[in-house]
Structures are given as C-alpha cells and as structure tokens.
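The residues making up each chain are set out below.
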Amino acid sequence: MHLLVLGGTGPCGLQIIEQALALNHSVVAYVRSPQKLPSSITQNPALTVVEGQLTDRDKLSEAMDGVHAVLSALGPAVKNGPFHPGDTPLARAYALVIDIMRSRDVKRLILLGTASMKDENDKFSLQFSVLVSGVAIFAHNAYKDVVAIGQTVRAASEDLIWTIARVPLLTKKPEKDYVAGYIGDGKIGTRLTKAAFGAFVLHELEANEWCRKAPLISSP
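Residues numbered from 1 in each chain as written. Predicted model: local features only at pLDDT ≥ 70, side-chain atom pairs only at ≥ 80, totals over all residues. Heavy atoms only, no water.

Student: What exactly am I supposed to notice about helix H6 (residues 140–154) here?
Tutor: Think of an α-helix as 3.6 residues a turn; residues three or four steps apart then line up on the same face. Compared with an ideal rise of 1.5 Å per residue, which puts 15 residues at 21 Å, H6 spans 21 Å between its outermost C-alpha atoms and is within 8% of the ideal. Of the residues making up H6, those classed as buried are Ala 142, Tyr 143, Asp 145, Val 146, Ala 148, Ile 149, Gly 150 and Val 153. Contacts made by the buried residues of H6 are with helix H4 (89–104), strand S5 (108–114), helix H5 (126–138) and strand S6 (161–167). (Helix = DSSP H or I, 4+ residues; strand = E, 2+ residues; numbered from the N terminus. Expected span 1.5 Å × (residues − 1). Buried < 20%, exposed > 50% of the residue type's maximum accessible area, 1.4 Å probe, protein only. Contact = heavy atoms within 4.5 Å.)

Right, here's the structure in full:
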C-alpha cells in the first residue's frame, strides 16, 4: 500500500515507518523537521519525505495524493506535557486531516491514542485510574488535547474507517508481541513497547479487526 505517516520523527512514528518499509509498503512521511529522520530510513527509495506544518492544508493535501491509508503517531510530547498549548492544536490538526481525507477519498485512519480517551467497553482499573488522573492533573492541556482527538475522530462521518490504538506506558524494549483489549478486562497491562505499537498498526492495516474501535494495546 501507499501510506501517509504523521508524527514520523517521534519514536512511535519511526517504528511505523521502519516496519511499513520492511513490509514493502511505500511511505510518505509528512514531518515538520526532516533532519530528525535517520539516514537509514531516508535512504530507502520507497520513502518520500514532505516537510510541512499540520496547519498547512495545501501541503497536507499534496502529501495525501494517492495514498491508501493514513497512519498517525501524533501526540503531545511527554517532555512538554505541562506546557502543551491549551487550544487543542492536535485535535484541530486531526479535524483538518480528516477533512482532507474526505476530499481525497482516503477512508482508512489508524492513530495513536491513550487511556485518557475513555471507551464504553472499559471497566474500572485502579492502575489506569491513577495513570489517567495523574496526566489530567499534571499535564492538563495535553490531557485535554488527547481527549479532544478522540472526540474529533469518533465524530467523523461514517465513511471514515478509523482505529484508535490506545497505549499505556511506552518502553524501548525491542519485543513486538502485544495483546489488544480494553481496560479492566484482565489481560491488558500498563506497559507496551514502541516496537509492538508499530506492529499492531501494521497488522491492523491489513487485518481490519478493530474498525471504528479503540482498543488498549499492551505487552502480554
């Protein structure tokens, strides 16, 4: 497939790009800072890098030309959590992306989410309650933006086939094994490797097992 990746310079986005290229997909990486992409990736002839801002409709539309799906690792930077802007910039960016997808007739969107995006299938979990409450208190603007992203995607028209891959605490371990479910279901944990996030996204792209759903992904 021909894929557009957003948030490709972050660790989760790099996993998506690397694993997509390894599976022989062609990738357009729409990034703000191309110099952050490692040469091991940029030297791949199946990768096209487009520099642009998430507010630039024309550049985004150009980058989306001919793609089959949009894969996104956009999210508030952990280090900037307490200082994240209060005007939900990422949710507004997703609104623009979805609008351009509609105009380009691109129907598949798989994106990074967190446990802050509540789901009707979730059950009570003390561990996740503490995690989410901590983010809501100490990084409120980031929390507000993440919640707004979920609301924006869920409110999209029915022709958008979305999957929100919600993640717990992310680790750097290389394992790609994961389980998918919902908070409080007895099998979901509080850790996930970034490599496993990429593996889930690329598997879901082909399998379409979680269409219009927001599973929580964790390491086994």
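Student: What is the right way to read the pairing of S5 from this model?
Tutor: Every other side chain in a regular strand lies on the same face of the sheet, so the side chains alternate between the two faces. Burial runs high along S5: 6 of the 7 residues are buried. Sheet topology note: the strand S4 (residues 69–72)/S5 ladder contains 4 bridges and is parallel. Considered in S5, the bridge of Val 70 is made with Leu 109. Two strands pair when backbone bridges link them, and S5 and S6 are joined in this way by 7 bridges, in the parallel orientation. The residue of S6 that forms the bridge with Leu 109 is Trp 162. (Pairing = 2+ DSSP bridges.)

Student: I keep staring at a nonpolar patch on the surface and nothing clicks. Help me out?
Tutor: Side chains of Phe 124, Leu 126 and Val 130 sit close together on the surface and give an oily, nonpolar patch of about 370 Å² of accessible area. Tracing the sequence through the fold places Phe 124 in the loop between S5 and H5. (Patch = residues over 30% accessible without salt bridge, like charges linked within 9 Å, V, L, I, M, F, W, Y side chains within 5 Å. Areas by Shrake-Rupley, 256 points an atom, 1.4 Å probe, with all protein chains shown as cover. Salt bridge = Lys/Arg side-chain N within 4 Å of Asp/Glu carboxyl O.)

Student: In this structure, what is going on with helix H7 (residues 194–207)? I would like to understand it.
Tutor: Spanning 14 residues, H7 covers 20 Å between terminal C-alpha atoms, matching the ideal 20 Å at 1.5 Å per step. Listing the buried residues of H7 in full gives Lys 194, Ala 195, Ala 196, Phe 197, Gly 198, Ala 199, Phe 200, Val 201, Leu 202, Glu 204 and Leu 205. Just downstream of H7 lies Asn 208, where phi reads positive at about 55°.

Student: When you look at unusual backbone geometry in this model, what are you seeing that I'm missing?
Tutor: Generally, phi is negative for residues other than glycine and the peptide bonds are trans, each holding for most cases. Here the phi dihedral of Asn 24 falls at roughly 70°; this positive angle occurs in a residue that is not glycine. For Asn 24, the position within the fold is in the loop between helix H1 (11–22) and strand S2 (26–31). Not every positive phi belongs to a glycine, and Asn 208 is a case in point at roughly 55°. Here Asn 208 shows up in the loop between H7 and strand S10 (216–218). Looking at Asn 208, the relative accessible area reads 38%, which means it is partly exposed.

Student: Just checking my understanding: could you explain the pattern of salt bridges for this structure?
Tutor: Pairing between side chains of opposite charge can happen when their charged atoms approach one another. Applying the stated criterion across every chain, the model contains 8 salt bridges. For Asp 65, the salt bridge is made with Arg 104, and the minimal N-O distance between the two is 3.1 Å. Taken as a pair, Asp 65 in the loop between helix H3 (57–63) and S4 and Arg 104 in helix H4 lie far apart in primary sequence, 39 residues in all. Ionic pairing is found between Glu 204 and Arg 108, a salt bridge with its closest N-O pair at 2.8 Å. Note that Glu 204 is positioned in helix H7 and Arg 108 in strand S5, a separation of 96 residues in sequence. Both residues of the pair, Glu 204 and Arg 108, belong to the buried class.

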